[in-house]
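Below are the chains, spelled out letter by letter.
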Amino acid sequence: MIALNEKLNQWAHEYYVKDMPTVEDAEYDKIYHQLVELEATFPDLVTSDSITQRIGGEILTGFNKVEHQVPMMSLNNAFNKGDLLDFDKRIKKLTDKEIQYMVELKIDGLAINLRYENGLFIQGATRGDGVIGEDITQNLKTVMSIPLKLKQPIDIEVRGECYMPKKSFIQLNEAREADGENVFANPRNAAAGSLRQLDSKITAKRNLSTFIYTVAETSSFDFSTQAASLDELDIIGFKTNHQRQLCQSIEDVWDYIENFLDKRNELDYEIDGIVIKVNDFSAQKDIGFTVKAPRWAIAYKFPAEEAETIIRDIEWTVGRTGVVTPTAVMDPVQLAGTTVSRASLHNVDLIKEKDIRLLDSVMIHKAGDIIPEVTRVLVDKRRTDSKVYEFPTHCPACGSELERIESEVALRCMNPMCPAQIKEGLNHFVSRNAMNIDGLGPRVLEQMYDKEIIKNVADLYFVTEEELLTLDKIKEKSANNILTAINNSKTNSLEKLLFGLGIQHVGSKAAKLIAEKFKELDAVMSATKEEVSGIDTIGPVIADSLEKYFANEEVHELIAELKRAEINLTYLGKTLEDLSHVESPFKDKTIVLTGKLTHFNRNEAKEKIEALGGKVTGSVSKKTDIVVAGEEAGSKLEKALKLEVTVWNEEQMVSAIENSTKVE
Ligand code: IVH
């Protein structure tokens, strides 16, 4: 177990700290699961630095307060070259020593303090007011770049910045917008929101990272410079920022800053400035501190990149779940390296809050240095005839009335026949976890819709070969494949259809639970909210959404069409395929059978494993997941042991097969 954990931690370190992955994901997953299995068998042997501890755990009711051993100070700011020259002069008055500056990026995230005892991560805290912060150890354990165990068994306290990479920020906001949730204004807020979660499982999903920039306290090392201490932080396992540079003069510092004014847009994390620190610790000591901040360091703050433009229009677009989102259409302006003419306004509340109106002059900036956003309205420049913006009351694509769902900031089109939703909905309907219809990619579906071959998901079941042949790049063979795939999907179990309909909040898991409980689509349609929310793990949000959906007359028409197409509307229980999908330990695994089997012969065992989603091959390699060794197993077993492949005896295989098939 220790060896597996060390291996996994080493790989994670190479991936998350060094940014240099050394193994395939599949290999990592394989070893990870071996460790999970072993830990389940020997729970007493699970160590606090086990990589499995990073997925998050119990839900807290609040955060404990933590008093910092050494206060977390802040930095004085510089806004131009003059401020920096003054800083340089002050420094030189306070010490006779030769001055070099360590110049670092000022990462725009949240300051964190990490404590290690004997090399083990024991506490992580926020800055708070600098003296007292909050204990967010549980959440920080889920941040993969924070080592749970250092390369040396030392006591040390370090500080750094926890941040959300721009890419993750964009993905998170896209997902939140699609779900009608509030978006985060910038990566910093997103990181703060993620670290403030009482449920660390949520933090674990947020893909946060860190850069450590200082040692707050340790008796293990005696460095003489900031440069040396950062190098040591690297060596003992922390992620430090490698854009740092040692500068010989304040002129060199200015060159570095000018270079980053352009380069900052290329980084995959946000920076809000550059930190300049006196490199030599004995010189730092000479120079000293004010009450609030060190005198030996300063933060150069970038001027906010903003541009002024005029809002010409607000466009509303409809997504798959019917969420209607506003986009400002503006006069094109240059901003942080690109021409910007559109900016998402996210939702109704944002427009109200900022009181954005047509023809307003506005300032725009880029959140996460990428996404253009309206910062504020220049009210002084507002036209005298300006009127408060009136929100659409009807869907821009289909004209049906828009609804504003309580507790959501989104406007939503509830009409399932809405053309904009249908195109998105068609893609969802054919997707793997839904009706799983192969050959119908987005381009094919779009053509079918535009040529009026289909209007909704039910029409798919009445498509003819002649119609398919009118589409670009569809020949007889692919047309036939598509028709077969459509036809095969008619016998899917109810949950696939229920998920495929794309009802808001009804994901594939909820669909399965609902189908399991009510068995027939008609029963689902007439179920009360109470009955639905009575299902374990299904809450009132899903129950409400389901009721609303099935109350729609147009949905009834759609269902009538699906019935006419003779689609199965019954829950079929777990099929073998589903089974292997959910429960079988053989799913997507490569298995080698060796030695004499007594329960089944080789072929029977092979068939059963394959029916449960496994692949049975003849020879053992690194890619093999499990070797089942019967009596008198020989060279294949030896090879498996050498390659550290999991080895099962026949009993283990038989019980795994039985347990898989027993599940209802
Ligand atoms: S050194 C004595 N270095 O900027 C204070 N701070 O007001 C030492 N920050 O919230 C801070 N990147 O978390 C330092 N490379 C860096 C930094 C950095 C970001 C943050 C810090 C604090 C603020 C300073």
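Each remark here, short or long, concerns the structure printed above.
Calculation rules
- Residues numbered from 1 in each chain as written.
- Predicted model: local features only at pLDDT ≥ 70, side-chain atom pairs only at ≥ 80, totals over all residues.
- Heavy atoms only, no water.
- Helix = DSSP H or I, 4+ residues; strand = E, 2+ residues; numbered from the N terminus.
- Buried < 20%, exposed > 50% of the residue type's maximum accessible area, 1.4 Å probe, protein only.
- Lys, Arg positive; Asp, Glu negative; His and termini not counted.
- Salt bridge = Lys/Arg side-chain N within 4 Å of Asp/Glu carboxyl O.
- Contact = heavy atoms within 4.5 Å.
- Core = buried A, V, L, I, M, F, W, Y, C linked by side-chain atoms within 4.5 Å.
- Expected span 1.5 Å × (residues − 1).
- Patch = residues over 30% accessible without salt bridge, like charges linked within 9 Å, V, L, I, M, F, W, Y side chains within 5 Å.
- Areas by Shrake-Rupley, 256 points an atom, 1.4 Å probe, with all protein chains shown as cover.
- Charge placed at Lys NZ, Arg CZ, Asp CG, Glu CD.
- Polar contact = N/O pair within 3.5 Å; in protein donor to acceptor, adjacent residues only side chain to side chain.
- Near = heavy atom within 4 Å.
- Nonpolar A, V, L, I, M, F, W, Y, C, P; charged D, E, K, R; others polar.
- Pairing = 2+ DSSP bridges.
- Axes fitted to C-alpha atoms, helices over the stretch in contact; angles between N-to-C directions.
- Parallel < 35°, antiparallel > 145°, perpendicular 65-115°, else oblique.
- Left-handed = near helix turned anticlockwise from the far one by under 90°.
- Phe/Tyr/Trp six-rings, centres within 6.5 Å; stacked < 30°, edge-to-face > 60°.
- Lys NZ or Arg CZ within 6 Å of the ring centre and 35° of its normal.
- Arc of directions from axis to C-beta.

1. Regarding the side chain of glutamate 232
Phase 1: Along the chain, glutamate 232 falls in helix α8 (residues 226–235).
Phase 2: The side chain of glutamate 232 sits in the buried core without any salt bridge; arginine 244 is the nearest counter-charge, 10 Å away.
Phase 3: Residues in contact with glutamate 232, not counting those within four places in the same chain, are Gln152, Phe221 and Phe223.

2. Things to note about the nonpolar core
Phase 1: One finds Leu440, Met448, Tyr461, Ile514 and Phe550 to be the most contacted residues of the largest nonpolar core, which totals 58 residues.
Phase 2: Counting residues per element, the ones that place at least two in this core are α12 (419–430), α13 (442–450), α15 (476–489), α16 (494–500), α17 (508–518), α18 (521–526), α20 (540–550) and α21 (553–564).
Phase 3: Setting aside residues up to four positions removed in sequence, tyrosine 461 forms contacts with Phe429, Met435, Ile437, Ile486, Ser489, Lys490, Leu562, Ala565 and Ile567.
Phase 4: Among the nonpolar cores identified, the runner-up in size contains 36 residues, and Phe63, Ile136, Ile212 and Phe223 belong to it.

3. Describing helix α2 (residues 25–41)
Phase 1: The terminal C-alpha atoms of α2, which comprises 17 residues, lie 24 Å apart, in line with the 24 Å expected from a rise of 1.5 Å per residue.
Phase 2: Turning to α2, its buried residues are Tyr28, Lys30, Ile31, Tyr32, Gln34, Leu35 and Glu39.

4. A word on the environment of glutamine 243
Phase 1: In this fold, glutamine 243 is placed in the loop between α8 and β9 (245–247).
Phase 2: Here glutamine 243 falls in the partly exposed class, since its relative accessible area comes to 27%.
Phase 3: Residues glutamine 243 and asparagine 427, 184 residues apart in the sequence, show an inter-C-alpha distance of 43 Å.
Phase 4: Excluding residues that lie within four positions of it along the chain, glutamine 243 makes contacts with Leu105, Tyr256, Phe260, Lys263, Leu267 and Tyr269.

5. Overview of unusual backbone geometry
The phi torsion of most residues other than glycine is negative, and most of the peptide bonds are trans.
Phase 1: One non-glycine residue, asparagine 118, lies in positive phi territory at about 55 degrees.
Phase 2: Mapped onto the fold, asparagine 118 is located in the loop between β4 (110–117) and β5 (120–126).

6. Focus: a negative patch on the surface
Phase 1: A grouping of Asp252, Asp255, Glu258, Asp262 and Glu266 is seen on the molecular surface, where their side chains present a negatively charged patch.
Phase 2: Structurally, the position occupied by aspartate 252 is in helix α9 (residues 250–263).
Phase 3: Here aspartate 252 falls in the partly exposed class, since its relative accessible area comes to 30%.

7. What to know about the side chain of arginine 244
Phase 1: As for its position among the elements, arginine 244 is in the loop between α8 and β9.
Phase 2: For arginine 244, a relative accessible area of 17% corresponds to the buried category.
Phase 3: In this structure the side chain of arginine 244 is engaged in a polar contact, spanning 3.1 Å, whose partner is the side chain of aspartate 231.
Phase 4: A distance of 2.9 Å separates the side chain of arginine 244 from the side chain of threonine 240, its partner in a polar contact.
Phase 5: Those residues within four positions of arginine 244 in sequence are excluded, and the remaining contacts are Met102, Val103, Glu104, Leu230, Asp231, Asp234 and Tyr256.

8. Comments concerning the site of the ligand
Phase 1: Taken together, 13 residues sit near the ligand, with Leu75, Glu104, Glu161, Tyr213 and Lys277 positioned nearest.
Phase 2: One nitrogen or oxygen atom from the side chain of tyrosine 213 is found 2.7 Å from an oxygen atom belonging to the ligand.
Phase 3: Contact distances for the ligand include 3.0 Å between a nitrogen atom and a side-chain N or O atom of lysine 277.
Phase 4: Look at the ligand: alone it shows 530 Å² of surface, and the protein chains cover 85% of it.
Phase 5: Of all elements in the fold, only β3 (101–107) and β10 (271–278) reach the threshold of two or more residues within the shell around the ligand.
Phase 6: Tallying contributions element by element places β3 first for the shell around the ligand, with four residues.
Phase 7: Its residues assigned to classes, the shell around the ligand shows eight nonpolar, one polar and four charged.

9. Comments concerning the sheet that holds strand β7 (residues 156–163)
Phase 1: With respect to topology, four strands assemble into an open sheet ordered β5-β4-β7-β8, the strand pairing being antiparallel. At either margin of the open sheet sits one strand with a lone partner, and together these are β5 and β8 (209–218). Across the sheet, the mean angle separating the axes of adjacent strands is 25 degrees when strand polarity is ignored.
Phase 2: Bridge count between β4 and β7: seven bridges; the pairing is antiparallel. Paired with arginine 115 across the two strands is glutamate 157, which belongs to β7.
Phase 3: Its contacts with the sheet place helix α6 (residues 187–195) against β4 and β7, and it is angled at close to 40 degrees to β4.
Phase 4: Relative to β8, α8 is tilted by about 115 degrees, and along the sheet it contacts β7 and β8.

10. Looking at the packing of α12 against α13
Phase 1: The contact between α12 and α13 brings their axes to 10 Å, and the two run at 140 degrees. By the angle between their axes, α12 is oblique relative to α13. As α12 packs across α13, the resulting crossing turns out to be right-handed. Together, Pro419, Ile422, Lys423, Leu426, Asn427 and Val430 of α12 and Pro442, Leu445, Glu446, Tyr449 and Asp450 of α13 make up the contact between the two elements.

11. Let's talk about the packing of aromatic side chains
For any pair of aromatic rings, geometry is given as the distance between the ring centres together with the angle between the planes.
Phase 1: Under the counting rule described, the total for this entry stands at 19 aromatic pairs.
Phase 2: Considering the side-chain rings of tyrosine 15 and tyrosine 16, the 4.7 Å spacing of their centres and the 65 degrees angle between planes classify their relative orientation as edge-to-face.
Phase 3: For tyrosine 16, a relative accessible area of 30% corresponds to the partly exposed category.
Phase 4: A network of ring pairs unites the aromatic residues Trp11, Tyr28 and Tyr32 as a single cluster.
Phase 5: A cation sits over an aromatic face here: arginine 564 above phenylalanine 462, 4.4 Å from the ring centre.

12. With respect to α20
Phase 1: Listing the buried residues of α20 in full gives Ile542, Ala543, Ser545, Leu546, Tyr549 and Phe550. Seen end-on, α20 carries its buried residues on one side only, within an arc spanning 165 degrees. Exposed and facing more than 90 degrees away from the buried side of α20 are Pro540 and Val541.
Phase 2: Those residues of α20 hidden inside the fold are in contact with α16, α17, α18, α19 (529–533) and α21.

13. Concerning the environment of valine 103
Phase 1: Following the sequence through the fold, valine 103 ends up in strand β3.
Phase 2: Between the alpha carbons of valine 103 and leucine 198 there is a distance of 36 Å; along the sequence they are 95 residues apart.
Phase 3: What valine 103 contacts, discounting residues up to four positions off in sequence, is Arg244, Gln245, Cys247, Val253, Tyr256, Ile274, Val275 and Ile276.

14. Structural notes on the sheet that holds strand β11 (residues 297–301)
Phase 1: The mixed open sheet is built from five strands, whose spatial order is β2-β11-β10-β3-β9. Pairing within the sheet leaves two strands with one partner each, and these edge strands are β2 (77–78) and β9.
Phase 2: By the bridge criterion, five bridges tie β10 to β11 in an arrangement that is antiparallel. Looking across to β11, one finds that lysine 277 is bridged to alanine 297.

15. As for the pattern of salt bridges
When their charged atoms lie close together, side chains carrying opposite charge are able to pair.
Phase 1: All chains considered together, the criterion is met by 31 salt bridges.
Phase 2: Across the pair arginine 357 and aspartate 355 runs a salt bridge whose closest N-O atoms are separated by 3.1 Å.
Phase 3: Taking the relative accessible area as the measure of exposure, arginine 357 reaches 13% and is therefore buried.
Phase 4: Overall, aspartate 355 belongs to the partly exposed group, its relative accessible area being 25%.
Phase 5: Arginine 383 is the partner of aspartate 385 in a salt bridge, and the nearest nitrogen-oxygen pair spans 3.3 Å.
Phase 6: Shared partners join several salt bridges into a network, and the residues in it are Asp355, Arg357, Asp360 and Arg382.

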